[in-house]
Amino acid sequence: MKLIELKQEHDLQKLKNLKGKDYIFLKVYASFEPDFIEAIDLVNFSGTLDVSFENKDLKPCFVYMESNSSRKWIFQNINKVDIIMPPKIKTNIKYTQLETEYHVKSEKDFQNIVLCRPVSDDLVIYLEQDLVLDRISWEALAKYSGKIQIEGNRHKIYVSDENFKNILEHSSNISLQGCQVILVDQVIRVFEYQDLLVLFSLKNGRVVINIENDLSRFEMASITLNQFLGSLIILGNDHTISNCIIKSNSYNAGLISSIHPTSNLEVSHLTFQHIQISSLRSVLYSGVILGQRVVKSNSTIKQKHFMPGRISFDNCHIIGAKIPVALKKSGTFVGLGDDAIDIWNSSSKHVRTFEQKEIEDWIGQLSYRYLYPSMSELEISENTLENDAISVRKRVR
């Protein structure tokens, strides 16, 4: 989805040469009052133009256009203005309504829908994945008078503003079905790999890493989170991390070399392609995403009531990687895990050591009984077929 704003006549240049099948929100401001618009050639555009007007006195005229290439789009005439379409696509004119149902994959999609549509529209928004809603002010959402129904398949909405959380959960015109609003302590937006460096200083809390762009061709040190207490959520937003070198200086190797045993790690909708994990010393465990959950000898770790953190990967894909040979175990996703690990709708292929040994196990080693003697029974079910789920869960009697 893309937003185009028309404030002055010269802004019409933004409409020229549109191509592809994008969904374009066209927001026309009250200051836009041209007497004439030249023909706008949209012959190469087969997406949807969805127009809203700041001037509510304008009577809408929605035009549905269809040609041999099955293009469709919505346009609207304005005061004193004729939109002149090229004759070759001016066929099968029909009248229709604006769409009121939207499938949302990103924060930008949600923002464009809520902020660009007339505030009185009733909307149904389907969440396709977990997302951050941190750039939409709660004041703007509070002004929306239409009904908004947000539906998700166990998806999460992360916000860092408590007012926004209250608006989503308690407004009379907003209903949530099958999704959960979670208040987080910090949202870190990653536009380039340098933005990842803030991970080295994390101490505690619930932190969301929102990947905004594809990241490629960089070199950085492996991230160590031994002292981090809390939850780390990495939202990939269907982006790719590729052609990079991660250097580890510890006894474990991975993008994240190690993490505290009580902390949670969630990674979703992220692809790793042609990743090289190197180490300056011999390593015990290695994996592309996580080397090892830290093992503590402290007696509190072995208490019956100790609750280890959760690790989950959802829609994560590893395509081509080199990792160090481990003295103990290597896995494509995780070298050593010692708590509940879920891997959903994910895959890995062409992961090798530097000696060209193929690594096929998603999890190199699980170590429950050694760490937690109170666990009298361990239940493990695995399915290593791509796009199916691996579910490794603990059960304590």
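### As for the overall build of the protein
Link 1 in the chain: Each helix and strand in the protein was counted, giving three helices and 29 strands.
Link 2 in the chain: Expressed as a percentage of the 397 residues in the protein, the buried residues total 50%.
Link 3 in the chain: Within the protein, residue pairs in contact and separated by at least 24 positions form 74% of the contacts whose partners lie at least 6 positions apart.
Link 4 in the chain: For the protein, the accessible area works out to roughly 19600 Å², and carbon and sulfur atoms hold 45% of it.

### Considering the layout of surface pockets
Link 1 in the chain: What the largest pocket holds in volume is close to 550 Å³.
Link 2 in the chain: Asn153, Arg154, Lys156, Asp314 and Trp344 are, among the 21 residues lining the largest pocket, the residues nearest its centre.
Link 3 in the chain: Counting only elements with at least two residues in the lining of the largest pocket, the list comes to strand 9 (148–159), strand 16 (229–248), strand 19 (264–279), strand 22 (311–323) and strand 25 (341–344).
Link 4 in the chain: Of the residues assigned to the lining of the largest pocket, the class counts are four nonpolar, eight polar and nine charged.

### Re the sheet that holds strand 20 (residues 283–287)
As a general point, the strands of a sheet are linked pairwise by backbone hydrogen bonds and lie either parallel or antiparallel.
Link 1 in the chain: One open sheet accounts for three strands, arranged 17-20-23; its pairing is parallel. Edge positions in the sheet fall to strand 17 (252–253) and strand 23 (326–331), since each of these pairs with one other strand and no more.
Link 2 in the chain: As defined by bridge partners, strand 20 adjoins strand 23 across four bridges and the pair is classed as parallel. By the bridge assignment for strand 23, Ser286 is matched with Ser330.

### Here we look at the packing of aromatic side chains
The relation between two aromatic rings is expressed through the spacing of the ring centres and the mutual angle of the planes.
Link 1 in the chain: Evaluated as defined, the whole model comprises three aromatic pairs.
Link 2 in the chain: Seen from their ring centres, Tyr193 and Phe218 are 4.7 Å apart, and the 5° between their planes marks the pair as stacked. With a gap of 25 residues between them, Tyr193 in the loop between strand 11 (186–190) and strand 12 (204–211) and Phe218 in the loop between strand 13 (215–216) and strand 14 (219–221) connect regions that are remote in the sequence.
Link 3 in the chain: Since its relative accessible area comes to 25%, Tyr193 is described here as partly exposed.
Link 4 in the chain: Judged by centre distance (5.4 Å) and plane angle (45°), the rings of Phe313 and Phe333 are tilted.

### Here's the deal with the environment of Gly337
Link 1 in the chain: Locating Gly337 in the fold gives a position in strand 24 (residues 334–337).
Link 2 in the chain: For Gly337, a relative accessible area of 0% puts it in the buried group.
Link 3 in the chain: The sequence separation of Gly337 and Gly291 amounts to 46 residues, and the corresponding C-alpha distance is 8.7 Å.

### Here's the deal with empty space enclosed by the protein
Link 1 in the chain: Inspection of every chain in the model, using the stated rule, returns four cavities of 30 Å³ or more.
Link 2 in the chain: Lining the largest cavity, in full, are Leu196, Leu199, Ile209, Ile211, Ile223, Ile234, Ile241, Leu255, Ile256 and Leu270.
Link 3 in the chain: Classifying every residue of the lining of the largest cavity by side-chain character gives 10 nonpolar, no polar and no charged.

### Some thoughts on the nonpolar core
Link 1 in the chain: Ranked by size, the top nonpolar core spans 48 residues in total, and within it Ile209, Leu232, Phe272, Ile275, Phe313 and Phe333 carry the most contacts.
Link 2 in the chain: Taken together, the elements giving at least two residues each to this core come down to strand 11, strand 12, strand 15 (223–225), strand 16, strand 18 (256–259), strand 19, strand 22 and strand 25.
Link 3 in the chain: When sequence neighbours within four positions are dropped, the list of residues in contact with Phe333 reads Gly287, Val288, Ile289, Leu290, Phe313, Cys316, Ile318, Ile343, Ser346, Ser347, Ser348 and Trp362.
Link 4 in the chain: One finds Tyr102, Val104, Ile167 and Cys179 within the second-largest nonpolar core, a separate group that totals 25 residues.

### What to know about the side chain of Ser171
Link 1 in the chain: Structurally, Ser171 is set in the loop between helix 3 (162–170) and strand 10 (174–183).
Link 2 in the chain: You can call Ser171 buried: its relative accessible area is 18%.
Link 3 in the chain: Separated by 2.7 Å, the side chain of Ser171 and the backbone oxygen of Ile167 make a polar contact.

### Topic: the pairing of strand 9
Link 1 in the chain: Where strand 7 (residues 123–127) and strand 9 come together, four bridges link them in parallel fashion. Counterpart to Val124 in the pairing with strand 9 is Gln149.
Link 2 in the chain: Looking at chain direction, strand 8 (residues 131–132) and strand 9 are connected through two bridges and run parallel. Residue pairing across strands places Val132 opposite Tyr158, the latter belonging to strand 9.
Link 3 in the chain: In this structure, strand 9 lies alongside strand 10, joined through nine bridges in parallel fashion. Note that in strand 10 the partner of His155 across the bridge is Cys179.
Link 4 in the chain: Considered for its hand, the β-α-β crossover made up of strand 9, helix 3 and strand 10 is right-handed.

### Side note on the sheet that holds strand 21 (residues 290–293)
Link 1 in the chain: The strand order across the open sheet built from five strands is 15-18-21-24-27, with neighbouring strands paired in parallel fashion. At either margin of the open sheet sits one strand with a lone partner, and together these are strand 15 and strand 27 (363–366). Each adjacent strand pair in this sheet contributes to an overall mean axis angle of 10°, direction not counted.
Link 2 in the chain: Where strand 21 and strand 24 come together, two bridges link them in parallel fashion. Residue pairing in the sheet places Leu290 in a bridge with Val334 of strand 24.

Parameters and conventions
Residues numbered from 1 in each chain as written. Predicted model: local features only at pLDDT ≥ 70, side-chain atom pairs only at ≥ 80, totals over all residues. Heavy atoms only, no water. Helix = DSSP H or I, 4+ residues; strand = E, 2+ residues; numbered from the N terminus. Buried < 20%, exposed > 50% of the residue type's maximum accessible area, 1.4 Å probe, protein only. Contact = heavy atoms within 4.5 Å. Areas by Shrake-Rupley, 256 points an atom, 1.4 Å probe, with all protein chains shown as cover. 1 Å grid on protein atoms, 1.4 Å probe; cavity = no way out; pocket = protein on both sides within 12 Å on 5 of 7 lines; lining within 4 Å. Points joined across faces, edges and corners; volume = space filled by probe spheres on them. Nonpolar A, V, L, I, M, F, W, Y, C, P; charged D, E, K, R; others polar. Pairing = 2+ DSSP bridges. Phe/Tyr/Trp six-rings, centres within 6.5 Å; stacked < 30°, edge-to-face > 60°. Core = buried A, V, L, I, M, F, W, Y, C linked by side-chain atoms within 4.5 Å. Polar contact = N/O pair within 3.5 Å; in protein donor to acceptor, adjacent residues only side chain to side chain. Right-handed = clockwise from strand over helix to strand, strands pointing away. Axes fitted to C-alpha atoms, helices over the stretch in contact; angles between N-to-C directions.

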